[in-house]
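An overview of the molecular structure
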Amino acid sequence: MTGLLAERVVVRILAAPLAEPIPMSFSRLTERRMCLVEVHAGGEVGYGESWINYPEWAATERMATLLEGVAPVLLGTDVSDPADVLDRLVARLSGVGRQWGARGPIWQAISAVDLALWDLRGRLAGLPVGELLGQVRPSAPVYASGVGPTDVPQLCALAVERGIRAVKAKVGFGDETDRATIAAIRKHAPGARVFADANCAWAPAEAAQQTLILADEGIEWLEEPLLDPGRDALEQLHLSTGMPLAAGENCYGLNELTALAHVPGVDQVQPDPAKSGGITVATRLAAALVGTRSRLSPHWYAGAIGLRASLALATSQRSAEWVELDVRSNPLRDTLVGDGFRLDESGQILAARAPGLVGDLDHDRVAALQIATADRSAP
Ligand SMILES: [Mg+2]
């Protein structure tokens, strides 16, 4: 076989403690974690990231899925075309994922390979991935994510300091707490646009009630309101409340995402680069959204590689809109890349300049944050 052959796959688990757990409506995050995936080919290395925030044991599972499931399909084969590799991995692994009842982990593992191969492609070309994809804007609007129910004044101050003019409230903690979060955002980030994310907190009747309250509070769009986010239920909620909706971080593959985008009221479609199929699925989705009212606004709540992928998408896709930027401290995002994440004075995040996704990856920081590693090589 000719082409760019995958020679080695390395999986590294990185972790950083949190001073305090971060509350979510469904659980809490107890530490920052990242599954970094290296694909070695043609004398270069591409770096990707797989989502392992949940469950607590995701790192163990993901390492096994990548090394026992994905690596044998990848090693020794041509990896020069990320889209071809993604389609090949999905074809080979989605059947066992279905039987296992684990579509998500399979897609999350494959997504890391897709990001690594886009990073590799950019490094080999000497260009940032945003430019490889055809950059259409030098920067993208950012909203501050992860705001509430705790630390709202401090988190708003961080957003305001960076010039960010939109804030997403974490809701789903009860009426009183949610209203207090929004009031504190209005006070500490005056003039900001305000969105809300319920992380699938409510059954339909309660969702309708809470959504009307949020509409009354001037929330511009509401993310993942429903416990069981069937498309009919989302449409019904939108029709009964008029609230624009956002969703997508728990969808896998192009078909689920495009079906979601067709739901009336779902104005923000949010594929996660390290869950739903990497840059390849997101660019296919972005193309499908051109000419519709739905915008591609990638979900992101983990490390540096996925944020760079979000940024590459937001600055290269005409149907893209927001970049999600968690404003809480995260060493796995903030200290891993030399060039960092720069915002201009109007709160727009600037396109990255490093080759690939993370041509400026700090290998000493990777080593310092690593808690486990394993690898496989081509025979
Ligand atoms: Mg969310």
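Residues numbered from 1 in each chain as written. Predicted model: local features only at pLDDT ≥ 70, side-chain atom pairs only at ≥ 80, totals over all residues. Heavy atoms only, no water.

Looking at the overall build of the chain
- Tallying secondary structure elements over the chain gives 13 helices and 13 strands in all.
- Expressed along its principal axes, the backbone C-alpha trace of the chain runs to roughly 60 × 40 × 40 Å.
- Of all 379 residues assigned to the chain, the portion counted as buried reaches 57%.
- In the chain, once contacts between residues fewer than 6 apart in sequence are set aside, the share between residues at least 24 apart is 74%. (Helix = DSSP H or I, 4+ residues; strand = E, 2+ residues; numbered from the N terminus. Buried < 20%, exposed > 50% of the residue type's maximum accessible area, 1.4 Å probe, protein only. Contact = heavy atoms within 4.5 Å.)

Re the pattern of salt bridges
- Evaluation of the coordinates by the stated rule reveals 22 salt bridges.
- Of the charged contacts in the structure, one is a salt bridge between E256 and R103, with a shortest N-O distance of 2.3 Å. Highlighted residues: E256 in helix α9 (residues 253–261) and R103 in helix α3 (residues 103–125), separated in sequence by 153 residues.
- You can call E256 partly exposed: its relative accessible area is 25%.
- Exposure remark for R103: the relative accessible area of 37% places this residue in the partly exposed category.
- For R333, the salt bridge goes to D334, with nearest N and O atoms at 2.6 Å.
- Exposure remark for R333: the relative accessible area of 6% places this residue in the buried category. (Salt bridge = Lys/Arg side-chain N within 4 Å of Asp/Glu carboxyl O.)

Details of the coordination of the magnesium ion
- Looking at the metal site, the magnesium ion is ligated by D197 (OD), E223 (OE) and E249 (OE), spaced 2.1 Å from it.
- Donor residues for the magnesium ion sit on one chain with the sequence pattern D-x25-E-x25-E. Here E223 lies in strand β7 (residues 222–223) and D197 lies in strand β6 (residues 193–197), a separation of 26 residues in the sequence.
- Of the residues examined, D197 reaches a relative accessible area of 6% and is grouped as buried. (Donors = N, O, S within 2.8 Å, 3.2 Å for Na, K, Ca; no water.)

Brief notes about the packing of aromatic side chains
- Summed over all chains, the structure comprises five aromatic pairs.
- Their ring planes at 15 degrees and their centres at 4.2 Å tell us that F195 and W221 sit as a pair that is stacked. Within this pair, whereas F195 is found in strand β6, its partner W221 is found in the loop between α7 (204–216) and β7, the two being separated by 26 residues in sequence.
- By relative accessible area, which is 0% here, F195 ends up buried. (Phe/Tyr/Trp six-rings, centres within 6.5 Å; stacked < 30°, edge-to-face > 60°.)

A short note on the pairing of strand β4 (residues 139–147)
- For β4, the buried fraction is high: eight of the nine residues fall into the buried class.
- For β4 and strand β12 (residues 348–350), the ladder comprises three bridges, and the chain directions are antiparallel. Among the inter-strand pairings, S139 is bridged to a residue of β12, identified as L350.
- Relative to strand β11 (residues 323–326), β4 runs parallel, the two being bridged by four bridges. When the sheet's bridge partners are listed, Y143 is paired in β11 with E324.
- Of the strand pairs in this sheet, β4 and strand β5 (residues 166–170) are connected by two bridges, and their pairing is parallel. Bridge pairing in β5 links A144 to V167.
- Considered for its hand, the β-α-β crossover made up of β4, helix α5 (residues 152–161) and β5 is right-handed. (Pairing = 2+ DSSP bridges. Right-handed = clockwise from strand over helix to strand, strands pointing away.)

A short note on the domain arrangement of the chain
- According to the domain assignment, the chain contains domain 1 (6–125 + 363–377) and domain 2 (130–350).
- Relative placement of domain 1 and domain 2: their C-alpha centres are 23 Å apart.
- Taken together, the contact pairs 37 residues of domain 1 with 42 residues of domain 2.
- Counting each side, the surface lost to burial between domain 1 and domain 2 is near 3,100 Å², with a carbon and sulfur contribution of 67%.
- R284 is the partner of D87 in a salt bridge, and the nearest nitrogen-oxygen pair spans 3.0 Å.
- Contributions of two or more residues to the side of domain 1 that touches domain 2 are made by β1 (6–23), β2 (28–41), β3 (44–50), α2 (82–100), α3 and α13 (363–369).
- The greatest single-element share of the side of domain 1 that touches domain 2, amounting to eleven residues, is contributed by α3. (Domains from an automatic or database assignment. Buried area = accessible area lost by both parts, 1.4 Å probe.)

Some details on the packing of α5 against helix α6 (residues 175–188)
- Two numbers describe how α5 lies on α6: the axes approach to 9 Å, and their chain directions differ by 40 degrees. In terms of orientation, α5 and α6 fall into the oblique class. Note that α5 runs across α6; the crossing there is right-handed. Touching V152, P153, C156 and V160 of α5 are T181, A184, I185 and H188, all from α6. (Axes fitted to C-alpha atoms, helices over the stretch in contact; angles between N-to-C directions. Parallel < 35°, antiparallel > 145°, perpendicular 65-115°, else oblique. Left-handed = near helix turned anticlockwise from the far one by under 90°.)

Some details on the sheet that holds strand β13 (residues 370–377)
- The strand order β3-β2-β1-β13 describes an open sheet built from four strands, whose pairing is antiparallel. Across the chains shown, the open sheet's two edge strands, defined by having one partner strand only, are β3 and β13. Between one strand axis and the next, the sheet turns by 20 degrees as a mean value, whatever way the strands run.
- One ladder, built from 13 bridges, connects β1 with β2; its direction is antiparallel. Within β2, the residue paired with I13 across the bridge is C35.
- Sheet contacts for helix α1 (residues 58–74): β1, β2, β3 and β13; angle to β1, the most-contacted strand, approximately 160 degrees.
- Contacting β2 and β3, helix α11 (residues 304–316) runs over the sheet at an angle of about 95 degrees to β3.

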